[in-house]
Amino acid sequence: MIVLVIGSIFVSVFLAAFHAPRPHDLPVAVVGTTQRLEQITGGLELGLPGGFEVKRYPDETAARHALQDRKVYAAYVAAPGRSAELLYAGANGPSVTSTVTGAFSGVAKANGERMSVQDVVPASAGDTRGMSVFYAGFGVVLAGFLFGMMTYQMAPRLEYRWRLASLGSFSVLAGILVAVIAGSLGFSALPGPFLGVAGVIALMAAAVGSATMAFIRVFGRAGMSLAAVVLFTFGNSTSGGTLPTAYLPDWLHPFSEILPVGVGVRAVQGLSHFNNDGLTAGVVVLVAWILVAAATLFWRDVHGSRSAAVG
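Residues numbered from 1 in each chain as written. Predicted model: local features only at pLDDT ≥ 70, side-chain atom pairs only at ≥ 80, totals over all residues. Heavy atoms only, no water.

Draft legend 1. Just the pattern of salt bridges, in detail. As enumerated under the stated definition, the model contains seven salt bridges in all. Measuring nitrogen to oxygen at the nearest pair gives 2.4 Å for the salt bridge that ties glutamate 113 to arginine 36. With glutamate 113 in the loop between helix H4 (94–110) and strand S5 (114–119) and arginine 36 in helix H2 (residues 34–47), the pair connects residues that are 77 residues apart, well separated along the chain. Take glutamate 113: its relative accessible area is 11%, and that puts it in the buried class. (Salt bridge = Lys/Arg side-chain N within 4 Å of Asp/Glu carboxyl O. Helix = DSSP H or I, 4+ residues; strand = E, 2+ residues; numbered from the N terminus. Buried < 20%, exposed > 50% of the residue type's maximum accessible area, 1.4 Å probe, protein only.)

Draft legend 2. Highlighting the sheet that holds strand S1 (residues 26–31). Strand order in the open sheet formed by five strands is S2-S1-S3-S4-S5, and the pairing between neighbours is mixed. At either margin of the open sheet sits one strand with a lone partner, and together these are strand S2 (52–57) and S5. Put simply, the sheet's adjacent strands are angled 25 degrees from each other on average, direction ignored. Across the sheet, helix H3 (residues 60–68) lies against S1, S2, strand S3 (74–78), strand S4 (83–88) and S5, angled at about 25 degrees from S4, the strand it touches most. (Pairing = 2+ DSSP bridges. Axes fitted to C-alpha atoms, helices over the stretch in contact; angles between N-to-C directions. Contact = heavy atoms within 4.5 Å.)

Draft legend 3. Inspection of the packing of aromatic side chains at higher detail. Considering all chains together, one arrives at twelve aromatic pairs under this definition. Ring pairing ties together the aromatic residues Phe10, Phe14, Phe18, Phe134, Tyr135, Phe138 and Phe232, which thus form one cluster. One residue, arginine 163, lies across the ring of tyrosine 152, its end atom 4.0 Å from the ring centre. Above the plane of the ring of tryptophan 299 lies arginine 300, whose end atom (NZ or CZ) is 5.4 Å from the centre. (Phe/Tyr/Trp six-rings, centres within 6.5 Å; stacked < 30°, edge-to-face > 60°. Lys NZ or Arg CZ within 6 Å of the ring centre and 35° of its normal.)

Draft legend 4. Fine view of empty space enclosed by the protein. Summed over the entire model, instances satisfying the criterion amount to one cavity of 30 Å³ or more. What lines the largest cavity is simply Ala17, Phe18, Ser237, Gly240, Thr242, Leu243, Pro244, Tyr247 and Leu248. (1 Å grid on protein atoms, 1.4 Å probe; cavity = no way out; pocket = protein on both sides within 12 Å on 5 of 7 lines; lining within 4 Å. Points joined across faces, edges and corners; volume = space filled by probe spheres on them.)

Draft legend 5. Fine view of the nonpolar core. Counting residues in each nonpolar core, the largest one holds 44 residues, and the members touching the most others are Val200, Ile201 and Met204. Elements with a minimum of two residues in this core: helix H5 (132–154), helix H6 (160–182), helix H7 (194–219), helix H8 (222–237), helix H10 (260–272) and helix H11 (279–310). For this core, the element with the highest residue contribution is H7, accounting for 13 residues. In contact with valine 200, other than residues within four places in its own chain, are Gly264, Ala267, Val268, Leu271, Leu279 and Leu286. Within the second largest apolar cluster, 22 residues are counted, among which are Leu37, Tyr88, Ala103 and Leu243. (Core = buried A, V, L, I, M, F, W, Y, C linked by side-chain atoms within 4.5 Å.)

Draft legend 6. Structural detail: the pairing of S5. Bridge analysis of S4 against S5 gives six bridges, and the strand direction is parallel. Within the sheet, the bridge partner assigned to leucine 87 lies in S5 and is glutamine 118. Following the chain from S4 across H4 to the adjacent parallel S5, one finds a crossover that is right-handed. (Right-handed = clockwise from strand over helix to strand, strands pointing away.)

Draft legend 7. Inspection of the layout of surface pockets at higher detail. One number sums up the size of the largest pocket: a volume of about 420 Å³. Arg70, Ser239, Gly240, Arg266 and Gln269 are the residues nearest the centre of the largest pocket, which is lined by 34 residues in total. For the lining of the largest pocket, the element with the highest residue contribution is H10, accounting for seven residues. Looking at the lining of the largest pocket, its residues break down into 13 nonpolar, 17 polar and four charged. Within this model, the second largest pocket holds a volume of roughly 280 Å³. What lines the second largest pocket is a set of 15 residues, and nearest its centre among them are Ala136, Leu177, Val178, Ile181 and Ala182. Of all the secondary-structure elements, those providing two or more residues to the lining of the second largest pocket are H5 and H6. (Nonpolar A, V, L, I, M, F, W, Y, C, P; charged D, E, K, R; others polar.)

Draft legend 8. Region of the structure containing the packing of H6 against H7. Across the interface, H6 lies against H7 with an axial gap of 7 Å and an inter-helix angle of 140 degrees. By the angle between their axes, H6 is oblique relative to H7. Crossing handedness for the pair H6 and H7: right-handed. From H6, Arg163, Leu167, Phe170, Ser171, Val172, Ala174, Gly175, Ile176, Val178, Ala179 and Val180 reach across to H7, where they touch Phe194, Val197, Ala198, Ile201, Ala202, Ala205, Ala206, Gly209, Ser210 and Met213. Its residues assigned to classes, the contact of H6 with H7 shows 16 nonpolar, four polar and one charged. (Parallel < 35°, antiparallel > 145°, perpendicular 65-115°, else oblique. Left-handed = near helix turned anticlockwise from the far one by under 90°.)

Draft legend 9. Seen up close, a nonpolar patch on the surface. There is a patch of nonpolar side chains on the surface, built from Val172, Leu173, Ile176, Leu177, Val180, Ile181, Leu185, Phe187, Phe194 and Leu195 and spanning about 1000 Å² of accessible area. Of all the secondary structure elements, the ones that give two or more residues to the nonpolar patch are H6 and H7. Among the elements that make up the nonpolar patch, the one with the highest residue count is H6 (six residues). Considering the arrangement of structural elements, one finds leucine 195 in helix H7. (Patch = residues over 30% accessible without salt bridge, like charges linked within 9 Å, V, L, I, M, F, W, Y side chains within 5 Å. Areas by Shrake-Rupley, 256 points an atom, 1.4 Å probe, with all protein chains shown as cover.)

Draft legend 10. Region of the structure containing unusual backbone geometry. With a phi close to 55 degrees, aspartate 25 is a non-glycine residue in the positive phi region. You can see aspartate 25 is positioned in the loop between helix H1 (2–18) and S1. Positive phi outside glycine occurs at asparagine 275, with the angle close to 50 degrees. By the secondary structure assignment, asparagine 275 is in the loop between H10 and H11.

Scope: geometric values only; no functional claims are made or implied.
Dropping the structure here:
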């Protein structure tokens, strides 16, 4: 029965996230006069209501920098006359590219403009569909969950310090292996710096592994089910690895900012393509998960054992 419940939650959450994805306030830039801004904003709203958050930038250089920092997902540069250029980042994936090119093509057509396109941040040669970071994150969460679950099954009486040491060893190895496989030494899917990618992946693995252990120690057998739902189902569905979090329903969006896989995926994407976007926030959130989980395990495994011995 529990397996059916978990499976139903998995199917429901993933379908809620991806059965009909559409952007909600996806940030885009417009370079042009205030009048052109209002005109383009109206055209985008007419074509996809509530889909875009339009920001005005003073010039093309500023818009390019915003696109490279992932502050916006496209930039429409209105040139004099009847021409315009759409700047986009192919590294955000083909779905985002299709969304922004389709929306702005409609605007250009309605205004009688000829629109050219330019990929400012192209996807890496080993990741043309932009899905590699999702699969890497999915694999890390699965491995971390299994490690956290099996450590208490295989070594229930292991001392706290050795349990954390084993978690650290597992996490470091996970980070190195994923960085080797997905980086320039493997499939060239994540072109970020080796140590940076390995470090973030290691923190993801440690956060998920330690959180799983904490769930189990606090809730017993039910903790495995809770960890599966929270870390695996909600974590992977809101990670932003398949589509930016702006495509998520409003009720799912907050999970992407607090669960390990969401912040980790954004940090890896930032390292690989977008001038370290999300790196600082990702490291802070991942470290917080690890510290809270470690404190919980200390409370149950060390402090709890001492109290029982005294009693």
